[in-house]
Amino acid sequence: MAGSVQIASPSGSKLKLLSSIKIEVNGQPAKQGGCSSSSAGGKASCGSAAGAGDLDPEIWEKVKNHPCYSEEAHHHYARMHVAVAPACNIQCNYCNRKYDCSNESRPGVVSERLTPEQAAMKVVAVASEIPQMTVLGIAGPGDPLANPDKTFKTFELIARQAPDIKLCLSTNGLALPDYVKQIKDFNVDHVTITINMVDPAVGERIYPWVYFKHKRYRGRDAAKLLTDRQMEGLEALTANKILCKVNSVMIPGINDDHLLEVNRAVKSRGAFLHNIMPLISEPEHGTYFGLNGQRGPSAQELKALQDKCEGEMNMMRHCRQCRADAVGLLGEDRSGEFTTEKIEQMAVIYDFESRRNYQKAVEEERQAKVAAKRAEMDTLAGELSDIKLLIAVATKGSGKINEHFGHAHEFQVYEVSTEGAKFIGHRRVDLYCQGGFGEEAALETVIRAINDCHAVFVAKIGACPKDELTAAGIEPVDRYAHEFIEKSAIAYFRDYLAKVKSGEIVHADRGDAAIRQGAFVAA
Ligand code: CLF
Ligand code: SF4
C-alpha cells in the first residue's frame, strides 16, 4: 500500500506514518483511550434512549458517543466496520455466505475484504475525514471470532494508530468463551452477541449446523451447543465488566413469541441492551428462509414485540442492520468514498485536536437539543390523554428535521404522547426525487412504509407528494423545518390534542406499515 499517514498528537506535533504501521505519538507507543474497561453493568434501567443523568457515569462514558449503544448518540456520531473476517463457524438459515452476515449487515456483498493492515489504514483515513466517527466495529462478513488472528491484529493496529476510537465486536457467540480474556486485554469495551433462541427445539429450526473443535454438529445438538456457549460467553463478558448488547432476529412463527424468554435470559445475565431486528428474507438473497417463503415481521409486529420486551429491559430500536463494511452515521453508507484505491491517493492527517474540537461542538448541540425538548415538555404538563401518534421524520442527522421529502432514503419514526417523544424505528424507502422529477412508484412505497404515521415532518416538500400524502391520511408538515425533532414532535402533539378537544379533528388509529427489505444501495 502506497498511502502515508500523519498523526497530529494532542499537543499538535505531527509524525509521518508509513503503512508498515510503526506508530508513535510524541515518542511513546500510543495507548487506547476513550472507553476504559473499568465498569459495566446490565441495569434494567439502562437503555438506548437513556441520557447522561440516567446512567452510572462510567457507563455513560462508554455509551455517550457510541451510535449503537445510545439512541441519542446515533443522530450525531458515526461508526465504521472493516471487513476482515470472512469465515464463519455456524450456518444460520437467514444467511447466504455470498452475502454479508445477516445478523449485522444488510445482504449485499462487501465491496472488498481487507487485511488488518489495510483495515487500520482505512480507519485512520475515515477518522480524519469524518471527525464524528467514534467507533470501529468488526462484524463480518463472517464471524470475527472464527477469524481471531485477523480480528485481534486489526484491533491492535487501530488501538495504536487511532487511540480515541472505541473498539466494538459482533459475534454469533460460539467461540466467545475462548476469547473473553483477549477481548478484555485488547480493550474491546462493546460486544454484541446474536442470540435468537435459548431453547434448542427453537434453535434447530434456525441453525442447520455448527462447527466446533473440528467437529460438525447438526440439529438439536448444534443448537444446544450454541446456546450453552452463548450464555457462557455472555456471563463471562459481564463478569469482566464488558458492555454487552444482544441482537435477535425476529422470525415470525419460529422465535417471535420465544424472544420474550430470550429477553429474560439475557437480562438476567447482565446484557446492557437488547436489539430485536426484523428477519430479512428476500428470495433473491438465496437464503434457506428466503427460498422457503419464510416471511419477516411487519412494522407493527416488530414494535409490539419490542414494546413487550421493554417492560423487561430497554430496547435498541435504531439498528440499521448495516453492512460489514459500512461507514458513516447509521442509515448512511459512505464506504464507497474509502476504497483501498482511493485511500492510497489520500493525504491523511489524523488530527486528535480537531477531532476533539469537533466532538465538543457536537456535545454543545446535543445539550441544546435536550434543553429544547425539556422546555417543550413543560408545555404539556397536566395534559391527560391516551392518544399516541407516530410521526415520520426526514432527517440527515443532528436530531433535526433537515432533509427534503424527495431526498430521504429513510424516515425516522417517533412515537409521541403525553409522556413525550420517543424514537421507535426507521423505515427505509425508495428515493422519491429522481433527477428533479417525482417518481410515482417510489411515492407508493413511501406511503406503505409510513402508513402507520399520522404526520411526516420534512424540511421541504413539493405540491404533488403533499396532496398524495394528505389523501392517504398522512399530514405533511414543513413548518418545523431545521428545528429539533423531539421538540417539534411535542409541539405538534400539543396542537393535535387541542384540535381533538375542540372537535376540529377526530382522532383515529392508523394501519400497519411494511418494513422494506432489500440490499442497501449507497447514495
Ligand atoms: Fe458495528 Fe454492531 Fe458495533 Fe454497532 S453495528 S459492531 S454494535 S459498531 Fe449497530 Fe449496525 Fe445495528 Fe450492529 S446499527 S447492525 S447494532
Ligand atoms: Fe451468516 Fe453471520 Fe450466521 Fe455466520 S453468524 S451464518 S456469517 S449470519
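Right above here is the structure, for reference.
This structure is a prediction, so every number in the text was calculated from the model and none was measured.

Parameters at a glance
Residues numbered from 1 in each chain as written. Chains lettered and ligands numbered in written order. Predicted model: local features only at pLDDT ≥ 70, side-chain atom pairs only at ≥ 80, totals over all residues. Heavy atoms only, no water. Axes fitted to C-alpha atoms, helices over the stretch in contact; angles between N-to-C directions. Helix = DSSP H or I, 4+ residues; strand = E, 2+ residues; numbered from the N terminus. Left-handed = near helix turned anticlockwise from the far one by under 90°. Contact = heavy atoms within 4.5 Å. Nonpolar A, V, L, I, M, F, W, Y, C, P; charged D, E, K, R; others polar. Salt bridge = Lys/Arg side-chain N within 4 Å of Asp/Glu carboxyl O. Buried < 20%, exposed > 50% of the residue type's maximum accessible area, 1.4 Å probe, protein only. Pairing = 2+ DSSP bridges.

Helix-helix packing is described using two parameters, namely the angle between the two axes and the distance between the axes. Contact geometry of helix 7 (residues 259-268) with helix 9 (residues 299-310) gives a least axis separation of 10 Å together with a crossing angle of 35 degrees. Every pair of crossing elements has a handedness; the one defined by helix 7 and helix 9 is right-handed. Contact residues: Leu 259, Leu 260 and Asn 263 in helix 7; Leu 305, Lys 308 and Cys 309 in helix 9. Tallied by class, the residues present in the contact of helix 7 with helix 9 amount to four nonpolar, one polar and one charged.

Another aspect to go through is the pattern of salt bridges. Two side chains that carry opposite charge are able to pair once their charged atoms sit near each other. Taken as a whole, this structure holds 32 salt bridges when the rule is applied. One salt bridge in this structure joins Glu 410 and Arg 320, with 2.6 Å as the shortest N-O distance. Residue Glu 410 is located in strand 16 (residues 410-417), and its partner Arg 320 is located in the loop between strand 12 (315-316) and strand 13 (327-328); the two are separated by 90 residues in the primary sequence. The class of Glu 410 is buried, set by a relative accessible area of 9%. Here the salt bridges share partners, and the residues they tie into one network are Lys 303, Asp 307, Glu 310, Arg 317, Glu 415 and Lys 422.

A few words on the sheet that holds strand 5 (residues 133-138). Strand order in the open sheet formed by eight strands is 12-11-10-7-6-5-3-13, with mixed pairing between adjacent strands. A strand with exactly one partner marks an edge of an open sheet, and here the two such strands are strand 12 and strand 13. Where strand 3 (residues 78-81) and strand 5 come together, four bridges link them in parallel fashion. The partner of Ala 78 across the bridge, within strand 5, is Met 133. In the packing of helix 2 (residues 116-129) onto the sheet, the strands contacted are strand 3, strand 5 and strand 13, and the crossing angle to strand 5 comes to about 155 degrees. Of the strands in this sheet, strand 5 and strand 6 (166-171) touch helix 3 (residues 148-161), which is tilted by about 165 degrees from strand 6.

Attention now goes to the sheet that holds strand 17 (residues 420-428). Pairing is mixed in the open sheet, where five strands are placed in the order 17-16-15-20-21. Edge positions in the sheet fall to strand 17 and strand 21 (475-477), since each of these pairs with one other strand and no more. Put simply, the sheet's adjacent strands are angled 25 degrees from each other on average, direction ignored. Two strands pair when backbone bridges link them, and strand 15 (residues 389-393) and strand 16 are joined in this way by five bridges, in the antiparallel orientation. Note that in strand 16 the partner of Ile 391 across the bridge is Tyr 414.

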